Amino acid sequence: MVNVLVVDDDFMVAKLHSRYVSAMAGFTVVGVAHSGAEALRAAERLRPDVVLLDIYLPDMDGISVLRELRAAEERDADRPPADALFITAARDAGTVRSALRAGALHYLIKPFSQAALQEQLRHVVSLRTRLDDLDEARQEDVDQLFGTRPPGSRELPKGLAAHTADLVDRILRDHPEGLSATECAEAGSLSRVSARRYLEYFAETGRAEVTLRYGGTGRPERRYRRLG
């Protein structure tokens, strides 16, 4: 379970964001704060995995909150670090730059959709899982971890089309148990070869995992399951 602390000075907005988080399997809202001081106290008490943090707070700005949170984590070696996502109406480039330098994983500008927030939360979990699984990082691992966008939003290789990639991604979402290239092709009215190319690309970039299903005879069937 991923524990989330929601920080926003607007009570109704905080309630809305909490509802978005609670609608996701594997996520729970452990606390809500409406000021910077309250957020720091809640983070100390609740030890959340993720903090959804507004910039505009009545007593201090969200970037200062994140800096103080990081300082508190450094003082306490036993305290697990929390990942931070800014959710704010602040649009000026200087604020965005400061948020990145303070250690935010992402920055969502209000208003945004429920799907946008949930996608970024899934991305956070994907990053945490990858880091937990790594003993030694390859350059491609580092490139994915330090990328500013989720893996699926990067530029596609030559020969792959964005609209088809989106279609295959939706099919994977609709089949959380996994599926074969043949099943993907049938679901999306694609050729098997085309479906296989996109599925393999997703597997290579960490967006999907591949398992082998062995039958009675012949080569094992490759099955693909979406990650994150």
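Model, not experiment: these values are computed from the prediction. (Residues numbered from 1 in each chain as written. Predicted model: local features only at pLDDT ≥ 70, side-chain atom pairs only at ≥ 80, totals over all residues. Heavy atoms only, no water.)

Colleague: In this structure, what is going on with the sheet that holds strand β6 (residues 179-180)? I would like to understand it.
Modeller: Where strands meet in a sheet, backbone hydrogen bonds hold them as pairs that are either parallel or antiparallel. One open sheet accounts for 3 strands, arranged β6-β8-β7; its pairing is antiparallel. Strands at the two margins of the open sheet, each flanked by one partner only, are β6 and β7 (208-213). Across 2 bridges, the pairing between β6 and strand β8 (residues 221-226) is antiparallel. The residue bridging Leu179 from the neighbouring strand is Tyr224, located in β8. (Pairing = 2+ DSSP bridges. Helix = DSSP H or I, 4+ residues; strand = E, 2+ residues; numbered from the N terminus.)

Colleague: How should I be thinking about empty space enclosed by the protein in this particular structure?
Modeller: Gaps between atoms show up when a probe of the same size as a water molecule is rolled over them. What the rule picks out here adds up to 2 cavities of 30 Å³ or more. Taken as a whole, the largest cavity encloses approximately 40 Å³ of empty space. Lining the largest cavity are Leu5, Ala39, Leu40, Ala43, Val51, Leu53, Val65 and Leu69. Put simply, the parts of the chain that give the lining of the largest cavity at least two residues each are α2 (36-46), β3 (50-53) and α3 (62-75). For the lining of the largest cavity, the element with the most residues is α2, which contributes 3 residues. (1 Å grid on protein atoms, 1.4 Å probe; cavity = no way out; pocket = protein on both sides within 12 Å on 5 of 7 lines; lining within 4 Å. Points joined across faces, edges and corners; volume = space filled by probe spheres on them.)

Colleague: Sorry, what's going on with the nonpolar core here?
Modeller: Nonpolar side chains in soluble globular proteins generally cluster together in the buried interior. Counting 23 residues, the largest nonpolar core has Val7, Val51, Leu53, Leu66, Leu69 and Phe86 as its most contacted members. Counting residues in hydrophobic clusters, the runner-up holds 17 residues, among them Val6, Val50, Leu85 and Leu121. (Core = buried A, V, L, I, M, F, W, Y, C linked by side-chain atoms within 4.5 Å. Buried < 20%, exposed > 50% of the residue type's maximum accessible area, 1.4 Å probe, protein only.)

Colleague: I tried to follow the pattern of salt bridges on my own but got confused; where do I start?
Modeller: Note that side chains of opposite charge can pair when their charged atoms are close. Tallying each qualifying case throughout the model produces 17 salt bridges. Measuring nitrogen to oxygen at the nearest pair gives 2.6 Å for the salt bridge that ties Asp8 to Lys110. Of the two residues, Asp8 is situated in the loop between β1 (2-7) and α1 (11-22) and Lys110 in the loop between β5 (106-109) and α5 (114-133); the sequence distance between them amounts to 102 residues. For the pair formed by Asp8 and Lys110, the shared burial category is buried. (Salt bridge = Lys/Arg side-chain N within 4 Å of Asp/Glu carboxyl O.)

Colleague: Help me understand the packing of α2 against α3 in this model?
Modeller: Between two packed helices, the angle of one axis relative to the other and the distance separating the axes together describe the packing. Two elements in contact, α2 and α3, have axes separated by 10 Å at closest approach and are oriented at 30°. Classified by the angle their axes make, α2 and α3 are roughly parallel. In this structure, α2 meets α3 at a crossing whose hand is right-handed. Between α2, through Gly36, Ala39, Leu40 and Ala43, and α3, the contact on the second element is made entirely by Val65, Glu68 and Leu69. For the contact of α2 with α3, the per-class residue count stands at 5 nonpolar, 1 polar and 1 charged. (Axes fitted to C-alpha atoms, helices over the stretch in contact; angles between N-to-C directions. Parallel < 35°, antiparallel > 145°, perpendicular 65-115°, else oblique. Left-handed = near helix turned anticlockwise from the far one by under 90°. Contact = heavy atoms within 4.5 Å. Nonpolar A, V, L, I, M, F, W, Y, C, P; charged D, E, K, R; others polar.)

Everything listed here is a matter of geometry and, on its own, says nothing about what the molecule does.
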